[in-house]
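Fold and contact review
If you want the building blocks of each chain, they are given just below.
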Amino acid sequence: MTERVTQEAPDDIPALERTTGPLPLSDTQRALYLVELLHPGTPTYTIAVAVLLDGPLDVPRLRDAVERVVARHDALRTTFTPGTAPSFEPAQRIGAPDPELPVVDVRADGNEDADAAALRLARTWADEPFDLARGPLLRTRLIRSGPGRHLLVVTMHQLVSDGPSLQIFFDELADGYADEPERDAPGLRFADYAAWQRSRPVDAEHLGWWRERLAGAPTVLRLPADRPRPAVAGPHGGSHRHTLGAAVMRPALRLARDLRVTPFVLVLTAYAAFLSRLAGIQDVLVGVPVSARDRVELESVIGFFATTLPVRVEAGRDRSFAGLCRSVQSELLDVLTHREVTMEQLARELAPHRDPGHAPLVQAYFSLEQEPIVTPHLPGLRATAFDLPPSGAKVDLDMLVFRVAGEEDTFDLTLTYRTDLFEAATIARTAVQFEELLVAAVADPSAAIGSLPGPPEGAPPLQPPPAAAPPPPALPDVARAGTDQALLQIWREVLGRDDVGVHDNFFDLGGTSFALTTVHTLIGARTGARTPLVSLLEFPTIAALARHLAGGTRTEHAVADPAGETRVARLRERRGRLRQRRSGQETGE
């Protein structure tokens, strides 16, 4: 795999001048920051872990160790601010170290013991949102549940961290707690990587591979749901944990060795086959995490180096599970070879028309780690880690599989799901059905996919209800015509062009998502209208948005769209403009 992924040596990443001024975001940070603007105040992108510490803990020494790690890594001192002038790009700023480690005492009561109360409090902390502009985007807190018994709770926002970063944090925390000599400062920081990535043009050859590989692939996975899909996807989610015991996973790991595929590939193949059965289709896209830590100088740097890329799985009913595993292994290798193109660039190229009802390109994620989420070790203490899944959902269905610490060949499977689509009981049943399919596939890998047990063939997804959501408050003292004119003036200012029509799509005119945030701010300041930012994605023309702001219903959204032939012509025209820009424009939206 390494040989195929690293065919060409990457160019050097230059170190930027150390400054407290604004710095660019990476492509993945930009996309995540936009999601936070659309759904502010949610814990969806929080990375949280609790570590039970047994033994005599030196709290001041632990506090000093936290401060040492924060001082070493700029990402842990970074905040984010929106852009206020063209091109309205957000920026990140690096501040001074100011970590805290407050200590809270909990006691047992008649309903639960102290450890249970501590874990419940930790889960509450994991759901607290971050203020991206004020920070900090790292929180460390300590719960004392008894003599020699503490729970260290670490939460980070994903804008500044990823899975490997969490382990780096705990490794360096252990060094600091043991009073080991400080390591040399990283030669690069995440901001250097972000600026370097943004300065590179999209690789035309890689983008061409993706365009060819995803041609004809379904970009919306329509799973049967308990509730109709809303016009605007909500951020609220739930999670269900299911144990894949050694009796399930030991044969699976053995089969992976026999087939010469990774355990990741084997379980991913089972998940894709399961989704295929659930949705009643043979071709599915599943998002998998891909790391950009492809060079030595980035291995010890904390930051958001992960992205998600789609893996296309063609799970035909007559294909054998073993054959499909080998196919997915080859597909994944090709994806890694072409990972220079990010999901955000793919979405702009292959699914440019935003539907606020679902995530672009893929609506199902998968990840498997053969190690626990983190392995903490503090000298003189016994440390046990617990992951704290946030109560938010990134996509419709997200499967995360981790090896259980201290238990050989036992894995935890966590399904995170959108609660505006699924009931908890449905997801619990889904986990059981997935295990049944996995067990059967491992027992007889030559069996056809269509013969494996699993969920019933996909039921048709529920359609959105015709009833409209409650309209926003009507505009105060602004006539409908005045609203059109006010919006027209705002669009002209932000887009920097006069040829704006009331039925033109904002994005067809060259608008970006971040420019739309400025439109949102100006609408509130000039008209007094209050509407969520996501509604501007739902109503991307002046005519539709004016109706919405004046108290119109969602059924008017269709009226604002151009009729069939005009719409098709506009799409063709936009594709032409995209092709013209692709050769010389940087990767911004």
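Refer to the structure presented above.
As the structure is a computational prediction, the values presented were derived from the model and not from experiment.

A tally of regular secondary structure across the protein chain gives 18 helices and 13 strands. Buried residues in the protein chain amount to 54% of all 589 residues. Here the protein chain has roughly 25,800 Å² of accessible surface; of this, 52% comes from carbon and sulfur atoms.

Of note, Asp54 is situated in strand β1 (residues 46-54). The class of Asp54 is buried, set by a relative accessible area of 16%. With residues up to four places along the chain from it excluded, the contact list for Asp54 reads Gly148, Arg149, Gly380, Leu381 and Arg382. A polar contact of 2.3 Å, which involves the side chain of Asp54, links it to the side chain of Arg149.

Strand pairing in a sheet takes place through backbone hydrogen bonds and is either antiparallel or parallel in direction. An order of β4-β5-β6-β1-β11 is seen for the five strands of this open sheet, with the pairing classed as mixed. Lying at the two open borders of the sheet, with one neighbouring strand each, are β4 (103-105) and β11 (382-387). Between one strand axis and the next, the sheet turns by 25 degrees as a mean value, whatever way the strands run. Relative to strand β6 (residues 149-157), helix α5 (residues 163-177) is tilted by about 135 degrees, and along the sheet it contacts β1, β5 (138-146) and β6.

Take a negative patch on the surface next. Where like charges cluster on the molecular surface, the negative patch consists of Asp64, Glu67, Asp98 and Glu100. A residue is classified by how much of its surface remains accessible, and Glu67, at 42% relative accessible area, is partly exposed.

To continue, consider α5. Over its 15 residues, α5 extends 22 Å from the first C-alpha to the last, a length consistent with the 21 Å expected when each residue adds 1.5 Å. Counting buried positions along α5 yields 11 of 15 residues, so the element is predominantly enclosed. Looking only at α5, the buried set comprises Ser165, Leu166, Ile168, Phe169, Phe170, Glu172, Leu173, Ala174, Asp175, Gly176 and Tyr177. On the buried face of α5, the contacting elements are β1, α3 (59-72), β5 and β6. Positioned one or two residues after α5, Asp179 has a phi angle of 60 degrees, which is positive.

This paragraph deals with the packing of helix α9 (residues 263-279) against helix α10 (residues 321-337). With their axes 9 Å apart at the nearest point, α9 and α10 run at an angle of 115 degrees to one another. With respect to the hand of their crossing, α9 and α10 are arranged in right-handed fashion. Residue-level inspection shows Phe264, Val265, Leu266, Leu268, Thr269 and Ala270 of α9 in contact with α10, the latter providing Phe321, Leu324, Cys325, Val328, Gln329 and Leu332. The class makeup of the residues in the contact of α9 with α10 is 10 nonpolar, two polar and no charged.

The rules we used
Residues numbered from 1 in each chain as written. Predicted model: local features only at pLDDT ≥ 70, side-chain atom pairs only at ≥ 80, totals over all residues. Heavy atoms only, no water. Helix = DSSP H or I, 4+ residues; strand = E, 2+ residues; numbered from the N terminus. Buried < 20%, exposed > 50% of the residue type's maximum accessible area, 1.4 Å probe, protein only. Areas by Shrake-Rupley, 256 points an atom, 1.4 Å probe, with all protein chains shown as cover. Contact = heavy atoms within 4.5 Å. Polar contact = N/O pair within 3.5 Å; in protein donor to acceptor, adjacent residues only side chain to side chain. Pairing = 2+ DSSP bridges. Axes fitted to C-alpha atoms, helices over the stretch in contact; angles between N-to-C directions. Patch = residues over 30% accessible without salt bridge, like charges linked within 9 Å, V, L, I, M, F, W, Y side chains within 5 Å. Salt bridge = Lys/Arg side-chain N within 4 Å of Asp/Glu carboxyl O. Lys, Arg positive; Asp, Glu negative; His and termini not counted. Charge placed at Lys NZ, Arg CZ, Asp CG, Glu CD. Expected span 1.5 Å × (residues − 1). Left-handed = near helix turned anticlockwise from the far one by under 90°. Nonpolar A, V, L, I, M, F, W, Y, C, P; charged D, E, K, R; others polar.

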